[in-house]
Structure formats: structure tokens, C-alpha cells
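Tertiary structure, described
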Amino acid sequence: MKKNILLLMLFLVACSPFTAQQSTPSLPTAFIDPSYPTVQAAPAVVSQLSSGIEVRADRAWRDGKQVNVDVCFTLLDASDWSIWGANLQYPGMTNSDFGSTMLSLQEPVEGQSGTRCDTLSFLNIPPDADLSNAIITIDAIAAPPRAEDYCTIYMPKIQQALTERGIAIALGCTDVNGVQTMQIVGKPDTMSQEEAEQIVYSDEFYTVKGPWSFTFNLGQ
């Protein structure tokens, strides 16, 4: 009998709500340095026109280690145009480390150009960087062609440029597996095939160079 009572008492103590429970350690939270500033500003000049393309910068903002800017630019045709090169300049530094996210796209229609809007994000900006006179420059806008685009869009202007420069390369289009493909059909005997291809497929034929520059006051 005494043995049963002892076992009952041990059972009641084990089930008691006052029994100490092992605590679960809390996970560490990320440290957010309050020294990283957040500032937003409009540019001194909103719109720039160069090489027939208008680029507009609506606003820029400084968010921690990142500087962002919303830009829109006109589309010359239905090719896949995007920002090909850009940089952020501030005292003692030029930062070309950027990414691009498309915000909107309005395709061009007959007689009217289209518009594409992107957010550019410049990375790894130190918190003590003086951005009171920051200059964001878009160096070039490009539309790297698909294979079928060369015949439908690019071949006429490539051929014209070669003719104007006195380069005796002739281009033509042939059907390759059901796709019209641009090919070099004539070149000087002194020019290798590789040299001819380097000239014909240079990115200059699908790149429009600026620059388009915008000045912002994003604080010190």
C-alpha cells in the first residue's frame, strides 16, 4: 500500500504545472545599423536627350547600402532594348555595380515610339559616402538581337555602315531550318572569316551611346 502511495505522489509531482521546463533559445535577430541613411530626391534636370533617345529620371533614393533610381527611356523599335551600361559617381568613387528591374513597357506602334521604365540599383554604397552631388549616368542603351532579328531589323543598317566605311563585305539572308539567317556572302580575300564576323557582329550596330546624366542630392 505504501509503495502505491509513493508511486502516486511521484506521478503527481511529474505532472505538476510548476515543474521546470527546458527553455528554447531564441533565434538571433539581424542587426540593422541605424547609421545607414534613407534619403529620396528628384534630379536637378528630369529629362535628357541624346542620340535620338530621351531618358527621364523621376526620382532617386538612398536605402542603406543601395542607391536606386527610376528611369524611363524611349524605344526606337520593337527590339528588346535595355540599359547596357550605367554608373554612379560621387567624390572619389565611380560605381558601375548595378542591377536593373523593369517597371513597365509600352511597345512602339506605327508612328509612335514606345517607352520602357526600369529601376536601377547601385550596390555596396558605404554609409559615409557623400551623395550630396551624386551623378547617375546611363552610358548606353542596347538591344542584343536574336538570330532572326538580323535579317528583319539589323542587316540593312549594318550593310549601309559597311558601304559608307568602304568595307567590301556583302551580307545576305538564307533559310536555315526555317529561320532567315544573316550570313556573310562576300568579303575581301585578304580578310579572314573571323575578322569579317567581328566587324559584322559588333555590338555597335545594336547599341545607342549616350551619355544621359542626372544629378541628385542624396545627403552626406
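Residues numbered from 1 in each chain as written. Predicted model: local features only at pLDDT ≥ 70, side-chain atom pairs only at ≥ 80, totals over all residues. Heavy atoms only, no water.

**Quick look at the pattern of salt bridges**
A full pass over the atoms with the stated rule returns six salt bridges. Residue R59 is joined to D70 by a salt bridge in which the shortest nitrogen-to-oxygen separation is 3.3 Å. A residue pair is termed long-range when its members are at least 10 positions apart, and R59 in strand 3 (residues 53-63) and D70 in strand 4 (residues 66-75) qualify at eleven residues. The partly exposed category is assigned to R59, whose relative accessible area is 30%. As a salt-bridge pair, R146 and D149 come within 3.1 Å of each other at their nearest N and O atoms. One network of salt bridges, in which partners are shared, links D80, R116 and D118. (Salt bridge = Lys/Arg side-chain N within 4 Å of Asp/Glu carboxyl O. Helix = DSSP H or I, 4+ residues; strand = E, 2+ residues; numbered from the N terminus. Buried < 20%, exposed > 50% of the residue type's maximum accessible area, 1.4 Å probe, protein only.)

**Comments concerning the state of the cysteines**
By the definition in use, this model includes two disulfides. The side chain of C72 participates in a disulfide bridge whose partner is C117; the two sulfur atoms lie 2.0 Å from each other. Here C72 and C117 share a disulfide; its torsion about the S-S bond, 105°, makes the bridge right-handed. Separated by 45 residues along the polypeptide, C72 in strand 4 and C117 in strand 8 (residues 114-122) bring together distant segments of the chain. On the accessibility criterion, C72 (5% relative accessible area) is buried. (Disulfide = S-S within 2.5 Å.)

**Regarding the packing of aromatic side chains**
On inspection of all chains with the given rule, the structure shows four aromatic pairs. Both rings, one in F98 and one in F122, keep their centres 5.8 Å apart while their planes meet at 40°; by these two values the pair is tilted. Highlighted residues: F98 in strand 7 (residues 98-106) and F122 in strand 8, separated in sequence by 24 residues. A residue is classified by how much of its surface remains accessible, and F98, at 23% relative accessible area, is partly exposed. Between Y150 and Y154 the ring centres are 5.9 Å apart and the planes differ by 55°, which places this aromatic pair in the tilted class. Pair noted here: Y150 and Y154 are both in helix 2 (residues 149-164), with a separation of four residues, about one helical turn. The same class applies to Y150 and to Y154, which are both buried. Among the aromatic residues, ring-to-ring pairing joins Y150, Y154 and Y201 into one connected group. Lying over the aromatic face of W61, R59 brings its terminal NZ or CZ to 3.9 Å of the ring centre. (Phe/Tyr/Trp six-rings, centres within 6.5 Å; stacked < 30°, edge-to-face > 60°. Lys NZ or Arg CZ within 6 Å of the ring centre and 35° of its normal.)

**Observations concerning helix 2**
Since the α-helix turns once every 3.6 residues, residues separated by three or four places project in the same direction. The end-to-end C-alpha distance of helix 2 is 22 Å, a good match for the 22 Å that 16 residues give at a rise of 1.5 Å each. Most pronounced at M155, the bend in helix 2 amounts to some 55°, and the proline P156 follows within four residues. For helix 2, every residue scored as buried is listed here: D149, Y150, C151, Y154, M155, I158, A161 and L162. As for helix 2, its buried residues are in contact with strand 10 (170-176), strand 11 (179-186) and helix 3 (193-200). A positive phi of about 70° marks G166, the residue just after helix 2. (Expected span 1.5 Å × (residues − 1). Bend = angle between axes of the 7 residues up to and from the residue. Contact = heavy atoms within 4.5 Å.)

**Quick look at the pairing of strand 2 (residues 47-50)**
The sheet contact formed by strand 2 and strand 3 spans four bridges and is antiparallel. Paired with S50 across the strands is I53, a residue of strand 3. In sequence, strand 2 turns back onto strand 3 through a hairpin of two residues, with S51 there showing a positive phi of about 55°. (Pairing = 2+ DSSP bridges.)

**A closer look at the pairing of strand 8**
With eight of nine residues buried, strand 8 is to be regarded as a mostly interior element. Pairing between strand 4 and strand 8: nine bridges, direction antiparallel. Across the sheet, residue C72 finds its bridge partner in strand 8, namely C117. Pairing between strand 7 and strand 8: eight bridges, direction antiparallel. Residue pairing for strand 8: G99 is matched across the bridge by S121.

**Considering the environment of K157**
Residue placement: K157 occurs in helix 2. Residue K157 is classed as partly exposed on the basis of its relative accessible area, which comes to 35%.

Limitation: the analysis is restricted to geometry and does not speak to function.
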